[in-house]
Structure formats: C-alpha cells, structure tokens
Amino acid sequence: MLSLSMEVDIPGVTKQEFEQWIQELQIKSHPNLSIEKSKLGGYGLFFTANANAALQVLDNGEVKEEEEEEEKDDDIEILRIPHCYNLNTLGNLLREVKQRDEQFESVEPKESSIIINFLKASQQSETGILLSYILAFHTIKGLPDSEYHRESPLRQFDVYLQVLYTTWVPALAQLNNKQGDVELDKNTRNQENEAKEASNGETALDFVRFTEFVKEEYQRYIEEVQTNIPNLDIINTITWEVFYQYSQAIRSRILEIPRMVGVEDGEEVYTTDVSLVPILDFANHATLGTNNLYFDIDLETKDIILNLSQPLNGKFEITISYDPDDTTDQFLFTYGFKN
C-alpha cells in the first residue's frame, strides 16, 4: 500500500478514504514509495532507497523478490496504474450516466444533462474538455443529497475532486499599476504567500498574462454554462477562484498517454490521449536531464507503469519531465507553470 506521511493532509478526505480510493482504482505501488510534502510546492512522490529496494519489484502489480542470479535492470518499477481519465474513458462514463438517467424520468436536472451542458461551453481542446468534465462533477457533487446522487457512478470521483481542489497551484497574480509590480492574491485559497512562478520580473509578467488569459476564458465559459443551465446557480458554484484552481491543477498534471488504435501493415498504430493519471500526477516536474522518473505502458495489460531510472541513496523526491520540446511560453500555457 502506498505510504502517506503524517504531514499529508487533503482537506475533506481522511487517510482511510484515500487508501480505499487507491484500492478501488487497483493501483499497485512499490513498498518504498510514499507521498510527502515537497519543497517544489504541495506534495510529491518520494522513494526510499535501501539495500532491498532494487530486489523488490512489481510483477504485474505484485511485490516480488528478484532472483539474485538474474541480470537486474537498473530501472525500478514503482507504480502500476490500470485507469486514467481522458476523453475516451470519460466519454464511456458519460454514456453510462446517460443510460442510468433513463431510469429517473422525474429527476431534474439529470447528471448527464449537466455534464453535456458544461461540455457544450468548453474549449475544443482535450485539456478544455477535461476541465469541463471536472467542473461538471464538482457542480453535481454540491447538489442536495438524494438517493439519485448517492448511488451515482460519479461518486468514484469524489476523492479525486478533493485532491485536485486542494492541489497546490501558484497564487493568483495581477499587475499593480501604481507600483508597476506584481501582486499576489494572499487570500487565494490553499496558497502560500509567494509563488515561484509569480515573483517580480519577466516571469511574473508572463504569469500575469497567463492569468488574464485564463480569466477571459472563465468569463466567456461561465456565462455560456449559466445560460445552458438556468435552473442552477452556476456562477456562484463555479466562481473564478474555483475555476482557476481546477484549471491550474489540471493543466499542471496532464500527461500524454499512448493508446493503441489499430494495426496497419503489420505495425501497431498509436495515438496519444491527454490524460489525468491518479497518483502519478503527484509526481512534480523537473527539467529533462534532472528528472529521475519516466512512465511506460504495459502492452499486455494496458497498465500505466512508472519506472525509477536514477535510483539515489536514502529518501529522495522522484520527478518527471512533462514535455521537453515545448518552448517556455508553450509550456506555461499548456501546463500553467514555467519550465
């Protein structure tokens, strides 16, 4: 079972609920893997290297001892994740919700209708559509309690919503016209007093520009969703702060996961899905060359596998490089922070 340090506190989620969520997702982890507070901001994945660490491996999710006479790979499999959230998997979930809603003719608004109306207003990018799903789930989670909502398949997202909602993201920033400096919103929920991405200077101005871009999108988006769902108070449910939090949390955690779509001329053909990958998304970003983590796909089981490529001594944070080919501006607008 993945270890949680005592300092890890996800508001609204008990340690037992978090561990139950991991079990339900059938996530398997190396016994030396833990989630702890990170100097990079928020929480991160940590690995404790010892004499037995390299001998313990995940074999299809089960921890086993390697035979000493076998030639050992320097890389260590530390995490195996069967499920991720992307347009393909969430589309399947939406179809399930729509079929279920056919049994509740008198219930209004139906969960599937809420999701669809959020999707209608979304940016037509994979990240924008993912954000719309999450905002719809957040709205549905806040509706009055009823058997209809309690038994919904969307309940599987409750813990993950809290993880995203309380994820550390850079503080909201705006330009102080009087002084020409950048101001951080000290009242932004779940923020530290300062953010690395928003200190005075060129980086700060880039971040202000990015924040203004996100706010313009929010204003357009929320007006359209409210028009689509007039019987719910969307504007006060998805406030600018809520939108910003989810937008930043999602942007900073999306990964491109390969998926086989067929065979052509005897060769497997793959596409990539912009995806949210539970637990793997606790791994913080590091510039290519300084990261010590990479992910792969088990072609037989389709599991997402996290491999440790540069084991160190003792306990250390493990990091992943998101997209080394992006320019600085592309990286900021894709992931919400600077490379």
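- Going by an unreviewed UniProt entry, the protein carries the name SET domain-containing protein and comes from Lodderomyces elongisporus.

**What about the overall build of the protein?**
Moving on, step 1. Counting its secondary structure elements, the protein contains 10 helices and 15 strands.
Moving on, step 2. Total accessible area computed for the protein in this model is approximately 17,200 Å², and 45% of it derives from carbon and sulfur atoms.

**Quick notes on the packing of aromatic side chains**
The relative placement of two aromatic rings is captured by the distance of their centres and the angle of their planes.
Moving on, step 1. Throughout the structure, instances matching the rule amount to 15 aromatic pairs.
Moving on, step 2. Ring centres of F118 and Y221 lie 6.3 Å apart, and the angle between their planes is 50 degrees; this geometry places the pair in the tilted category. Residue F118 is found in helix α3 (residues 111-121), and its partner Y221 is found in helix α7 (residues 202-228); the two are separated by 103 residues along the sequence. Per residue, the accessibility class of F118 equals that of Y221, and both read buried.
Moving on, step 3. When the ring of Y133 is compared with that of F137, the centres are 6.0 Å apart and the planes differ by 50 degrees; the resulting orientation is tilted. Remark: F137 and Y133 occur in helix α4 (residues 126-141); sequence separation between them is 4 residues, near one turn of the helix.
Moving on, step 4. The class for Y133 is buried, based on a relative accessible area of 5%.

**Topic: the pairing of strand β15 (residues 314-320)**
Moving on, step 1. Counting buried positions over the 7 residues of β15 gives 5, a clear majority of the element.
Moving on, step 2. Taken together, the 5 bridges between strand β4 (residues 43-49) and β15 define a ladder with antiparallel strand orientation. Residue F47 lies in a different strand from β15, and its bridge partner there is F316.

**Points about a nonpolar patch on the surface**
Moving on, step 1. Taken together, the side chains of M260, V263, Y270 and L299 present a nonpolar region at the surface, about 370 Å² in accessible area.
Moving on, step 2. Position of L299 relative to the elements: it lies in the loop between β13 (293-297) and β14 (304-308).
Moving on, step 3. Overall, the relative accessible area of 48% leaves L299 in the partly exposed class.

**Thoughts on unusual backbone geometry**
For residues other than glycine, phi is negative in most cases, and the peptide bonds are mostly trans.
Moving on, step 1. The peptide bond linking E108 to P109 adopts the cis configuration, its omega dihedral lying at -10 degrees.
Moving on, step 2. Counting through the fold element by element, P109 comes out in the loop between α2 (87-101) and α3.
Moving on, step 3. Despite not being glycine, I279 shows a phi value in the positive range, around 75 degrees.
Moving on, step 4. Turning to its location among the elements, I279 is positioned in the loop between β11 (267-275) and β12 (284-285).

**Brief notes about the side chain of S252**
Moving on, step 1. Here S252 is to be found in the loop between α9 (240-251) and β10 (255-264).
Moving on, step 2. At 2.5 Å, the side chain of S252 and the side chain of R253 are in polar contact.

**Quick look at the packing of α4 against helix α6 (residues 158-165)**
Moving on, step 1. Relative to each other, α4 and α6 sit at 110 degrees, their axes nearing to 11 Å. With respect to α6, the axis of α4 lies roughly perpendicular. Crossing angle aside, the handedness with which α4 passes α6 is left-handed. The segment α4 lies against α6, with I134, F137, H138 and K141 engaging D158, L161, Q162, L164 and Y165.
Moving on, step 2. Looking at the contact of α4 with α6, its residues break down into 5 nonpolar, 2 polar and 2 charged.

The rules behind the values
Residues numbered from 1 in each chain as written. Predicted model: local features only at pLDDT ≥ 70, side-chain atom pairs only at ≥ 80, totals over all residues. Heavy atoms only, no water. Helix = DSSP H or I, 4+ residues; strand = E, 2+ residues; numbered from the N terminus. Areas by Shrake-Rupley, 256 points an atom, 1.4 Å probe, with all protein chains shown as cover. Phe/Tyr/Trp six-rings, centres within 6.5 Å; stacked < 30°, edge-to-face > 60°. Buried < 20%, exposed > 50% of the residue type's maximum accessible area, 1.4 Å probe, protein only. Pairing = 2+ DSSP bridges. Patch = residues over 30% accessible without salt bridge, like charges linked within 9 Å, V, L, I, M, F, W, Y side chains within 5 Å. Salt bridge = Lys/Arg side-chain N within 4 Å of Asp/Glu carboxyl O. Polar contact = N/O pair within 3.5 Å; in protein donor to acceptor, adjacent residues only side chain to side chain. Axes fitted to C-alpha atoms, helices over the stretch in contact; angles between N-to-C directions. Parallel < 35°, antiparallel > 145°, perpendicular 65-115°, else oblique. Left-handed = near helix turned anticlockwise from the far one by under 90°. Contact = heavy atoms within 4.5 Å. Nonpolar A, V, L, I, M, F, W, Y, C, P; charged D, E, K, R; others polar.

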